[in-house]
Amino acid sequence: MAYISDDNAAGQKLKKSATQSEKTLLAPTAERLRAEASAEELQTIHMIDVLASEQNISLSFLQQLLALPKNNAVKYLHAKARKAVEQVYGDKIFLRGLVEITSFCRNNCNYCGIRRGNRTLERYRMTPETIMACCKDGYGYGMRTFVLQGGEDPWWIDDRLVDLVAAIRSRFPDCAITLSMGERPRESYQRLYDAGANRYLLRHETADESHYHYLHPNEMSFQNRMQCLQWLKEIGYQVGCGFMVGSPGQTAETLLKDLQFIRTFRPQMVGIGPFVATQHTPFADSPNGSVETTLRLLSVIRLLHPHVLLPSTTALGSLHPLGRELGILAGANVLMPNLSPVENRGLYNIYDNKICIGDSIDHCYDCLSVRMESTGRRIVVERGDFLG
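Residues numbered from 1 in each chain as written. Predicted model: local features only at pLDDT ≥ 70, side-chain atom pairs only at ≥ 80, totals over all residues. Heavy atoms only, no water.

1. Let's talk about the sheet that holds strand β6 (residues 238-245)
The strands that make up a sheet are held in pairs by hydrogen bonds between backbone atoms, and each pair lies either parallel or antiparallel.
Step number 1: Read across the sheet, six strands follow the order β2-β3-β4-β5-β6-β7 without closing on themselves; strand pairing throughout is parallel. Two strands lie at the open edges of the sheet, namely β2 (97-102) and β7 (269-274), each paired on one side alone. In this sheet, adjacent strand axes meet at a mean angle of 20 degrees when their direction is disregarded.
Step number 2: Note that β6 and β7 share six bridges and pair parallel. Note on β7: the bridge partner recorded for C241 is V270.
Step number 3: Set on the sheet, helix α10 (residues 222-235) makes contact with β5 (199-201) and β6; between it and β6 the angle comes to about 150 degrees. (Pairing = 2+ DSSP bridges. Helix = DSSP H or I, 4+ residues; strand = E, 2+ residues; numbered from the N terminus. Axes fitted to C-alpha atoms, helices over the stretch in contact; angles between N-to-C directions. Contact = heavy atoms within 4.5 Å.)

Structure below.
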């Protein structure tokens, strides 16, 4: 399909792609599921309604939800989450164009494929010119948010990153700029915000300090991670946190702490996806996280924080052929297609068997448009700011 550069043309391309969809995923309404539920399922449905009303969850009910067979009550949880997101954002799906700018990282996280200790990985670092070209491509496909993500690469000192952010802000003034570059000093976050960055993604990984230390080397600090998130919020960023589902050492108790942290911190974005075991890491032989558990937690997060921007992650799609669609049907409303050059994507191996690393942006865009049409949602040409 032809390259496009304006919002009207981007919308026309979305419409053309969507008409190619011939399959629709069935998503029963909450009302229908309630009518068809058994007496036992109705008890759980009542508790889901209480969760949504009070925007809170207990350990016992979390354990119950995660242990349930896939019945009408679980389907009701997802339907309730869909209704919650529709009440705030309608049927819109927001795109974030992901640019993985460096695979160098000073950290040695036990789960991550680009950890410092992985000596088998060929590293790369994009030039500012290449990054700008990626953003130009994304803009032509209707993306109005760019996410610059990378390891904690010492080469990207403040001056370089500030210059890059300022250049993107100047070239694309109608777009949001999201950074995901790890822990930095408060002064660094402030300079980047002043240069034009709007949002910052920094997964907290776990709200349990002991679990955090199990996932990370001794030189990394749970307190500093939480402090960074607080700084970002104080400065004025739209802030994203998140965690892996099924990470080694995770329990229902640690998950509850994650959910309570999200409930009280009130981030604008939350990114969760299943843990994927990755070679050349200490957790290489650990089991992958559960897609089903991830979907249930997406719905719970949506009900705890109805206004949150919630991605259906690539990791979901990597573990299930319809993972991203199922994530949308569980209450997510964001997708993050990869704008990085194809030759770099396989080198940004934060986890194994990632999908779409060889797909052109044209193919990826068309594929996502058709896939989202099957969920009854539509991809829009908007920044997709937090409403709340």
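Next, the rest of the story.
2. With respect to the pattern of salt bridges
Step number 1: By the definition in use, this model includes 22 salt bridges.
Step number 2: Between D208 and K257 there is a salt bridge, with the nearest N and O atoms lying 2.7 Å from each other. Of the two residues, D208 is situated in the loop between β5 and α9 (209-215) and K257 in helix α11 (residues 252-265); the sequence distance between them amounts to 49 residues.
Step number 3: According to the relative accessible area criterion, D208 is buried, its value standing at 12%.
Step number 4: Three or more residues joined by partner-sharing salt bridges are found here, namely R34, D49 and K80. (Salt bridge = Lys/Arg side-chain N within 4 Å of Asp/Glu carboxyl O. Buried < 20%, exposed > 50% of the residue type's maximum accessible area, 1.4 Å probe, protein only.)

3. Observations concerning the packing of aromatic side chains
Step number 1: By the definition in use, this model includes eleven aromatic pairs.
Step number 2: With a centroid separation of 5.4 Å and 35 degrees between ring planes, the pair formed by Y139 and F172 is classed as tilted. Of this pair, Y139 sits in helix α6 (residues 128-140) while F172 is found in the loop between α7 (158-171) and β4 (176-180), placing the two residues 33 residues apart along the sequence.
Step number 3: Plain terms: the ring middles of Y200 and Y237 are 5.9 Å apart, the flat faces sit at 80 degrees to each other, and that makes the pair edge-to-face. In this pair, Y200 sits in strand β5 while Y237 sits in the loop between α10 and β6, placing the two residues 37 residues apart along the sequence. For the pair shown, Y200 and Y237 are each scored as buried. (Phe/Tyr/Trp six-rings, centres within 6.5 Å; stacked < 30°, edge-to-face > 60°.)

4. Details of the sheet that holds strand β8 (residues 334-335)
Step number 1: Spatially, the three strands line up as an open sheet ordered β8-β1-β9, and their pairing is parallel. This sheet does not close on itself; its edge strands, each paired only once, are β8 and β9 (378-380).
Step number 2: The sheet strands contacting helix α16 (residues 361-373) are β1 (92-95), β8 and β9, and the helix crosses β9 at an angle near 135 degrees.

5. A closer look at unusual backbone geometry
Step number 1: The phi torsion at R266 lies on the positive side, around 55 degrees, for a residue other than glycine.
Step number 2: Along the polypeptide, R266 turns up in the loop between α11 and β7.
Step number 3: For R266, a relative accessible area of 28% gives the class partly exposed.

6. What to know about the side chain of N349
Step number 1: With respect to the helices and strands, N349 occurs in the loop between α15 (342-345) and α16.
Step number 2: The exposure class of N349 is buried, given its relative accessible area of 18%.

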